[in-house]
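One letter stands for each residue in the lines below.
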Amino acid sequence: MRFLLIALIALAWPAAATTALDRAIVSQLPNGMDVIVLEDRRAPVVVHMVWYKVGAADEVPGKSGIAHFLEHLLFKGTDTVPGDEFQRLIEANGGQDNAFTSHDYTAYFQRIAADRLDLVMRLEADRMRNLVLSPEIVALERLVVLEERNTRVDASPGGVFAEQRAAVTHVNHPYGRPIIGWRHEIEALSYTDALDFYRRYYAPNNAVLIVAGDVDPAEVFQLAERHYAPLARSEDLPPRVRPQDPVALAERRLVYRDARVTDPVVTRSYPAPHRRPGDQAEAAAAFMLAELLGGTRTAHLPEVLEIDEQVALSAGASFSATSHDPRRFSIFAVAAPGVQAAKLEARLDTALADFLETGPTQADLARVKARVRAAQIYALDGLDGRARRYGVALASGLTVGDVQDWPAVLQAVTLADIRAVAARIFDRNQAVTGYMLGPEDAQ
């Protein structure tokens, strides 16, 4: 087995302060499974994560929610570890486990004493290829997922609004589908749907194993050889090519009314660049733009709308740079009492126009860079966060080198870069503007 030590690209701070905690040792098993080890000897604990390069955006049209549904079903047991024995074994050994699904990946993880790594690898490898399902199990778990949708989406005005915005925003790309799935399609998901999805995507050559904590990398690779290497590859993995959104020629707007809404909300989103392998500079500029506009309470939009003009209870900007395909750059504001959404949108537009005309200063950018750099260094203190940083990136098509380069790429962003990316992003013809209103809000 081959492995490669990839060192951290140093920031402006002394390299010794971070290199030891952000060193990644990389290998690949003969069946195509990538293995990443993040060694950290400070406590006898290990985080074990398996990331599958499949999420809600990889689903067949008409089967929305199947990726998330299968995440639930993976806890239903195998012939050797039946029922909920998996979770009972983890808990009996003092560990914790869970899973999550996004548009781009599905991940399963355990946090446990380092001397129990062999146990969790055996359990996770077993259910990668040996899941046992029945129509009865699938039917019961489908009810659980529907109740989760009730709680997380239908019972929340913000959840419904976000779902509707995504559907309007992505007219062709599957990012417009909810991760949990549309209700009518969840209700129709079958035993065959789940098994077909599982057999196609849950395979070592579609997975990344990340182990972080008090481990010897050589021993981790030996355990991976023992438990994961014997698993068969999937020979029918479809290419990860998704339909893309067309270039919009006119702004889209939506209004969602809900009796539970007390404070009007205004949102707007625009197409934005994302991190691509070996080419992260423009995404880094967009990331810094979001921080300057709304990353903290003293950023431009909160300062103007909340503090100076007092027309908003909160305001900000958001941008997720890490995704398989381009996502959106968003700004938002929640109206202060008595402020109608139309007035709030006008003030949001003015604040944004002022920012684009005058621009941030070098001192503003230096403060944001210092805050971002500090947050990245603090994040090295947690095993879960470090493992997830690699998992999200690799499952979205980036490389270990891209993860290592990202802090330096962010620090290299200039004011000219920010002006250039802002000019590209803020095109009203490609914007989606949303209002979330109470039933009595007159517009």
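Every value quoted in this text rests on a predicted model; they were computed, and no experiment measured them.

*Asks:* Got a minute to help me understand the packing of aromatic side chains in this structure?
*Replies:* Any two aromatic rings considered together are summarised by their centre-to-centre distance and by the angle between their planes. Per the counting criterion, the structure on display carries 16 aromatic pairs. Measuring from centroid to centroid gives 6.4 Å for phenylalanine 100 and tyrosine 105, while their planes differ by 85°, and the two rings are edge-to-face. Between phenylalanine 329 and phenylalanine 426, the ring centres sit 5.6 Å apart and the planes meet at 90°, which makes this aromatic pair edge-to-face. Taken together, the positions of phenylalanine 329 in strand S11 (residues 328–335) and phenylalanine 426 in the loop between helix H15 (415–425) and strand S12 (432–437) put the pair 97 residues apart, joining distant regions of the chain. For the pair phenylalanine 329 and phenylalanine 426, a shared accessibility class is recorded, and that class is buried. Among the aromatic residues, those joined into a ring-pair cluster are Tyr52, Phe75, Phe86, Tyr108, Tyr198 and Tyr202. Over the face of the ring belonging to phenylalanine 75 we find arginine 127, whose NZ or CZ atom lies 4.5 Å from the ring centre. Taking the ring centre of phenylalanine 86 as reference, the NZ or CZ of arginine 127 above it sits at 3.9 Å.

*Asks:* In this structure, what is going on with empty space enclosed by the protein? I would like to understand it.
*Replies:* One water molecule sets the probe size; rolling that probe over the atoms shows where empty space is left. Scanning the entire structure with this criterion turns up two cavities of 30 Å³ or more. Approximately 40 Å³ is the volume attributed to the second largest cavity. Forming the walls of the second largest cavity are Leu74, Gly77, Thr78, Val81, Phe86, Leu123, Asp126 and Arg127. The element contributing the most residues to the lining of the second largest cavity is helix H3 (residues 117–129), with three residues.

*Asks:* Whenever I open this one, the pairing of S11 confuses me. Can you help?
*Replies:* Walk down a regular strand and you will see the side chains alternate between the two sheet faces. Burial within S11 is extensive, with six of its eight residues counted as buried. Two elements, strand S9 (residues 265–271) and S11, share seven bridges in a ladder whose sense is antiparallel. Bridge pairing in S11 places serine 269 opposite serine 330. In the sheet, strand S10 (residues 312–319) pairs with S11 via seven bridges, with the strands oriented antiparallel. Opposite alanine 317, over in S11, you have isoleucine 331 as the bridge partner.

*Asks:* Help me out: how do you make sense of helix H10 (residues 300–308) in this one?
*Replies:* Two residues of an α-helix separated by three or four positions point the same way, owing to the 3.6 residues in each turn. Residues His300, Leu301, Pro302, Val304, Leu305 and Glu306 constitute the buried set of H10. Where H10 is buried, its residues touch helix H9 (281–294), S10, S11 and helix H11 (341–358). With its phi angle positive at about 55°, glutamine 310 sits one or two positions after the end of H10.

*Asks:* Where do I start with the pairing of S12 in this structure?
*Replies:* The buried count for S12 comes to six of six residues, which makes it a mostly enclosed element. The alternating pattern of S12 places Val432, Gly434 and Met436 on one face and Thr433, Tyr435 and Leu437 on the opposite face, and all of these are buried. Where strand S8 (residues 252–257) meets S12, six bridges bridge the pair, whose relative direction is parallel. Bridge pairing in S12 places valine 255 opposite tyrosine 435. Note that S9 and S12 share five bridges and pair antiparallel. Along S12, the bridge assignment pairs arginine 268 with threonine 433.

The rules behind each value
- Residues numbered from 1 in each chain as written.
- Predicted model: local features only at pLDDT ≥ 70, side-chain atom pairs only at ≥ 80, totals over all residues.
- Heavy atoms only, no water.
- Phe/Tyr/Trp six-rings, centres within 6.5 Å; stacked < 30°, edge-to-face > 60°.
- Helix = DSSP H or I, 4+ residues; strand = E, 2+ residues; numbered from the N terminus.
- Buried < 20%, exposed > 50% of the residue type's maximum accessible area, 1.4 Å probe, protein only.
- Lys NZ or Arg CZ within 6 Å of the ring centre and 35° of its normal.
- 1 Å grid on protein atoms, 1.4 Å probe; cavity = no way out; pocket = protein on both sides within 12 Å on 5 of 7 lines; lining within 4 Å.
- Points joined across faces, edges and corners; volume = space filled by probe spheres on them.
- Pairing = 2+ DSSP bridges.
- Contact = heavy atoms within 4.5 Å.

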